[in-house]
Amino acid sequence: MTSETKSSWPNNVGIHAIEIYVPQRYVDQTELETFDEVSAGKYTIGLGQAKMGFCTDREDINSLCLTVVQNLMERHKIGYDQIGRLEVGTETILDKSKSVKTVLMQLFEQSGNSDIEGVDTTNACYGGTAALFNSVSWLESSAWDGRYAIVVAGDIAVYATGAARPTGGAGAVAILLGADAPLILERGLRASHSAHVYDFYKPDLESEYPRVDGKLSIQCYLSALDKCYQAFAKKALRINSERITLESFDGVVFHSPYCKLVQKSLARLLLNDVIILSSDELSKRYPDLLSLKETKLENSYFDRDLETKLLANSKQLFESKTKASLVAANQVGNMYTASVYGGLVSYLISRQEQELRGNRICMFSYGSGLQASMFSFRVSGTSDKLSALLNGLSGVSERLNSRVKVDPSDFAKTMMVREETHHKAPYVPVGSIDDMLNGTYYLESVDDMHRRQYCRKVSK
Ligand code: ACO
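As the structure is a prediction and not an experimental result, all values here were calculated from the model.

Here is what the cut-offs are and how they apply
- Per chain, residues are indexed from 1 in the order of the written sequence.
- Thresholds applied to this predicted model are a pLDDT of at least 70 for local features of residues and 80 or more for the giving and counting of side-chain atom pairs; totals over whole chains, interfaces and linings are not thresholded and use all residues.
- To get the side-chain values, take all heavy atoms of the structure and skip hydrogens and water.
- Any residue with a heavy atom positioned within 4 Å of a molecule or strand is treated as near that molecule or strand.
- Throughout this description, a polar contact denotes any pair of N or O atoms lying within 3.5 Å of each other; where both atoms belong to protein, one of them has to be capable of donating a hydrogen while the other can accept it, and for residues adjacent in sequence the pair is counted only when both atoms sit in side chains.
- The Shrake-Rupley method, run with a 1.4 Å probe, gives the accessible areas here. Residue values count only the displayed protein chains as cover.
- Working definition: helices are DSSP H or I runs of at least four residues, strands are E runs of at least two. Numbering for both runs from the N terminus.
- The nonpolar core is taken to be a set of buried Ala, Val, Leu, Ile, Met, Phe, Trp, Tyr and Cys residues, with the residues joined through side-chain atoms within 4.5 Å.
- Categorising residues by exposure relies on relative accessible area from a 1.4 Å probe, with only protein chains included: less than 20% of the type maximum marks a residue as buried, more than 50% marks it as exposed, and the intermediate range marks it as partly exposed.
- We call two residues in contact when some of their heavy atoms are within 4.5 Å.
- UniProt positions are given in the numbering used here, feature names are shortened, and annotations may be inferred rather than shown by experiment.
- Only a pair of cysteine sulfur atoms within 2.5 Å qualifies as a disulfide here.
- Here a strand pair is declared whenever DSSP counts at least two bridges between the two strands.

**As for the site of the ligand**
Next, step 1: In the vicinity of the ligand there are 24 residues, among which S39, K42, S217, K264 and R304 approach most closely.
Next, step 2: A40 is positioned such that a nitrogen or oxygen atom in its backbone is 2.8 Å from a nitrogen atom of the ligand.
Next, step 3: S217 has a polar side-chain atom sitting 2.7 Å from a nitrogen atom of the ligand.
Next, step 4: Alone, the ligand offers 1000 Å² of accessible surface; in the complex the protein occludes 74% of this.
Next, step 5: Per-element accounting of the shell around the ligand gives the leading share, 3 residues, to helix α2 (residues 42–46).

Here's what the structure looks like:
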């Protein structure tokens, strides 16, 4: 890494490497529809979900993060002494005091490197983005000492039985950040929206399950999207004299609670464009949408006719800019903080290196409660480090396809075990480790002082 003078910002701060880990077991959403006795198509077509990854009692947030960080370091041959900051974004809380970051410090012991800033950040699905922004700030600050930062976003998304259960999932993403990166965070272009709402929250500290007002959460998500997009466009105009529309981006990646909401969100951005495009431009590009020009955004969240029109007119935009980013979301489900970064991984693996070069990717991160941000990456047109980043992701599709399907009744039993043993101490997990991939960390035991011991599965 190049050393920078203290008086200037390092250039091209962004992502050098990215790693995703998802549990090895999943339940098929078609089978879950039958098991839950809902109408065929509700989860697969209505929500747009194919498979839902889940963890047995052998995995918790610590083990997911241990696995993803160790895999990142090994795959990219990064020494633990090269890291100066480590932050975790998660809403899967096992301990009200001790951070997941400190658990991850076990991985650093052998290197002797304990001079590492950062702890955990929590706000529903947004903590990973807060961690990303914090780490980028460190890289651009007087405290930066030339080393990399790692951001980990991970969660186990589980819901009580009922309407929300099929929108669960689990996984973790680790991101290596530094200067002179091949995936560059656009400086100065960042817009947020924050408000006080009870759309999804976890007041019961004894339970893994959230309280959720499904309809309100959708409205909050869409309204935060409108607000972030408008603020992002305003900043782009001020900073770069640039008018933002969907045409400004090659890829648009969203936090994905379920894939159908993402498709509707892309359509929603088109509605925002319709409002700012001139009537002449609209007549040429979207004549069907001229009548929507005067739409009041705040009255339109559940307007079925408007939604149908927008979905039809944004179909091609969705296919070209967003659909590819939904592979992990469709195959694993909501990974909460990791969801939007799983979207980035999915987008990156969908294109050849040459196709990706120069791409501009818009990211929308949403966390209930609520906190949301829109920001963007540019894929370097020239960096020789892009190949290494992409090579690191070459096994993702294969790993997704190697997972083991579990019967919905066994999935339900596993959820019961998690419910009954959550926070239990002492406890020895009962889940099998046979299906786990080599290199996966798992919970070995919890002692009577609630101290957790982990092992790493190694080849037989
Ligand atoms: N075939 C095709 N589509 C169907 C079928 C069928 N047989 N049955 C229902 N559908 C459609 C519905 O029409 C509906 O479509 P729409 O969204 O276009 O209206 C969709 O499937 C979902 O059906 P609903 O009856 O609306 O579902 P329900 O209210 O039971 O639950 C919800 C959906 C609210 C998303 C629930 O799963 C939930 O609460 N999830 C967690 C909250 C969430 O993810 N919120 C999003 C942002 S916050 C976050 O990230 C956690």
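From this point on, the discussion continues.
**Thoughts on the nonpolar core**
Next, step 1: Ranked by size, the top nonpolar core spans 93 residues in total, and within it V69, L104, V152, F254 and F364 carry the most contacts.
Next, step 2: When near neighbours in sequence (up to four residues on either side) are disregarded, V152 contacts C65, V68, V69, L86, E87, V88, G89, L104, V173 and A174.
Next, step 3: With 46 residues, the next largest nonpolar core counts V151, Y347, L386 and L390 among its residues.

**A few points about the UniProt feature "domain: Hydroxymethylglutaryl-coenzyme A synthase C-terminal" (unreviewed entry) in the protein chain**
Next, step 1: Under the present numbering, the feature "domain: Hydroxymethylglutaryl-coenzyme A synthase C-terminal" (unreviewed entry) in UniProt falls on residues 184–457.
Next, step 2: The span residues 184–457 shows a helical share of 42% and a strand share of 18%, and its end C-alpha atoms are spaced 35 Å apart.

**Thoughts on the UniProt feature "active site" (unreviewed entry) in the protein chain**
Next, step 1: The sites that UniProt annotates as "active site" (unreviewed entry) are E91, C125 and H255.
Next, step 2: Owing to a relative accessible area of 6%, E91 belongs among the buried residues under this scheme.
Next, step 3: The residues touching E91, leaving out its near neighbours within four places in the chain, are T122, A124, C125, D155, F200, K202, Y336 and T337.
Next, step 4: At a separation of 3.3 Å, a polar atom in the side chain of E91 contacts the main-chain amide nitrogen of C125.
Next, step 5: Position of C125 among the secondary structure elements: in the loop between β5 (120–121) and α5 (127–139).
Next, step 6: Discounting residues that sit within four places of it in the chain, C125 has contacts with E91, H255, Y336, T337, S365, Y366, G367 and S368.

**A few points about the state of the cysteines**
Next, step 1: Across all of its chains, the model carries 0 disulfides by this definition.
Next, step 2: Here C220 stays free of any disulfide, with the sulfur of C228 as its closest cysteine sulfur at 12 Å.
Next, step 3: With no disulfide of its own, C228 lies closest to C362 among cysteine sulfurs, the gap being 9.5 Å.

**Details of the sheet that holds strand β6 (residues 148–157)**
Next, step 1: An order of β5-β4-β6-β7-β1-β8-β13-β12-β11 is seen for the 9 strands of this open sheet, with the pairing classed as mixed. The two strands at the open ends of the sheet, each matched to only one other strand, are β5 and β11 (251–254).
Next, step 2: Judged from the 8 bridges that link them, strand β12 (residues 360–367) and strand β13 (residues 371–379) form a sheet pairing that is antiparallel. Bridging from a neighbouring strand, R360 pairs with R378 of β13.

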